[in-house]
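# Understanding the architecture of this molecule
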Amino acid sequence: MAKILAINAGSSSLKFKLFEMGSETVIAKGNFERISLPQGKIFLSFGDQKFESSEEIKTHAVAVKRLLQLMKEFEIVKDFSEIAGVGHRVVAGGEYFQHSVIVSQRVIRKINRLAEYAPIHNPANLMGIKAFKKLLPHAVSVAVFDTSFHQTIPKINYLFSVPYEWYQKYRVRRYGAHGTSHRYVANEAAKLLNQQLKNLKLISCHLGAGASVCAIKNGRSFDTSMGFTPLTGLTMATRAGDTDIAMVSFLMQKLKMHSMPEVIYDLNKKSGLLGISGVSSDMRDILAAAKDNERAQLAIDIFVKDIVKYIGAYTAEMDGVDGIIFTAGIGEHSSEIRKLVCQRLKFLGIQLDGTANQISGKNLIISSAASKVKVMVIPTDEELMIARDVVDLMKQNK
């Protein structure tokens, strides 16, 4: 069976996984860090072997060339023809891309035009696409959009209460993010519950440095906490989440800032768990400090409150919920955060299995048999979802 590369290119990084899709096995994975910056880093693992290196990585094209060189050097692939497809994460697809697509010049131009919706991410995603198309011209190139899963959200949920012309002219609306993750864990939840996804009402909590909650009704995204950008919604590692927009002009005056982007930068980079706790943006550090640090405990309480608030709202919007999913770094690994959230959801008839809640690393129901709502931990695998989309599009276009 063909090998498929899943690529996540950031502004100064390139993460990847190489899959054998017959068994959906990870053959190799790794990360190139500090691209175009001093002291670049390369991390590669395959089988029981690991490779690490510090070297200059001038561009994404250099990173891709080096990755392929290492794959040959370590005989991860004997010939590049073994790599049949490359799937790329693209952050913003706007309203234009409702599904993953095979990359053409038209698609490249459109992704570039949509960069105004994700100015940091889309250009980096495009660099990865172009580099692989040049070096692996035979491989099918596929773009998988973070926003496409949320294109099923009804208008009542994606419109903001602003002049309607803003939407008509500029497509100002809720786009959401983490769509590939929410889509993956929803499908895995249906398998775990032995139910058809189209018959379920699920709430997916993707809790990591970036965090979002998604209401999934009958297999489709119905509402999501992130908005026009990933800044809104839950309190996150360094992002403020929901705030009052009038605060921006107020703070510009008080902090003597000269432009709105300065305040937006602070809301993105200096707020959230870091801003409240003053300790760290990492939940592990905050949990460790909470016993003796009031602000650290406050950051935890606000984070938990936000999750509970959105779960409650989405339960009401969908007229019930069958299952709640915890995923991503905090969601998968913090039994304490899961416990705190579920304690606040007793009104839904949720009862946690304390023993099961201590287990991580696999798909698992952590609610007790008496719980009226199933609570699950499902490790996300966006790269596998990307690889599956590549295979599906290759089959459709034979």
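Quick note: structure is the one above.
In this convention, every chain numbers its residues from 1, walking through the sequence in written order. The predicted origin of the model limits local features to residues at a pLDDT of at least 70 and limits the giving and counting of side-chain atom pairs to 80 or more, whereas totals for whole chains, interfaces and linings rest on all residues. Processing note: side-chain calculations cover all non-hydrogen atoms of the structure and skip hydrogens and water entirely.

### Examining the nonpolar core
I203, C205, L207, I311, I324 and V341 are the most contacted members of the largest nonpolar core, which totals 43 residues. Secondary structure elements are taken from DSSP: a helix is a run of H or I of four residues or more, a strand is a run of E of two residues or more, and numbering for both begins at the N terminus. Within the residue set of this core, elements represented by two or more residues are β9 (201–207), β10 (211–217), α10 (283–289), α11 (294–317), β12 (323–327), α13 (335–343) and β14 (374–377). A total of 10 residues in this core trace back to one element, the largest contributor, which is α11. If we skip the residues at most four places from it in the chain, L207 touches L234, F303, I307, F326, T327, A328, G329, I330 and G331. Nonpolar cores were defined as sets of buried Ala, Val, Leu, Ile, Met, Phe, Trp, Tyr and Cys residues, with membership established by side-chain atoms within 4.5 Å. The buried label goes to any residue with under 20% of its type's maximum accessible area, the exposed label to any with over 50%, and the partly exposed label to all in between, with areas taken from a 1.4 Å probe on protein chains only. I4, F19, L193 and M376 belong to the second-largest nonpolar core, a separate cluster that totals 29 residues. We call two residues in contact whenever any of their non-hydrogen atoms come within 4.5 Å of each other.

### Quick word on the side chain of T224
Within the secondary structure, T224 sits in strand β11 (residues 220–224). In this structure T224 comes out as buried when scored by relative accessible area, which is 0%. Among the polar contacts made by the side chain of T224, one reaches the main-chain carbonyl oxygen of V213 at a distance of 3.1 Å. Polar contact criterion, stated in full: a pair of N or O atoms within 3.5 Å, where within protein one must be able to donate a hydrogen and the other to accept it, and residues adjacent in sequence count only if both atoms are side-chain atoms.

### Overview of the sheet that holds strand β6 (residues 83–90)
We treat two strands as partners when DSSP finds at least two bridges between them. Reading across the sheet, the 8 strands line up as β5-β4-β3-β2-β1-β6-β8-β7 and stay open at both edges, with mixed pairing between neighbours. Each edge of the open sheet is held by one strand with a lone partner, namely β5 (49–54) and β7 (101–102). For β6 and strand β8 (residues 140–145), the ladder comprises 6 bridges, and the chain directions are parallel. Opposite V86, over in β8, you have S141 as the bridge partner.

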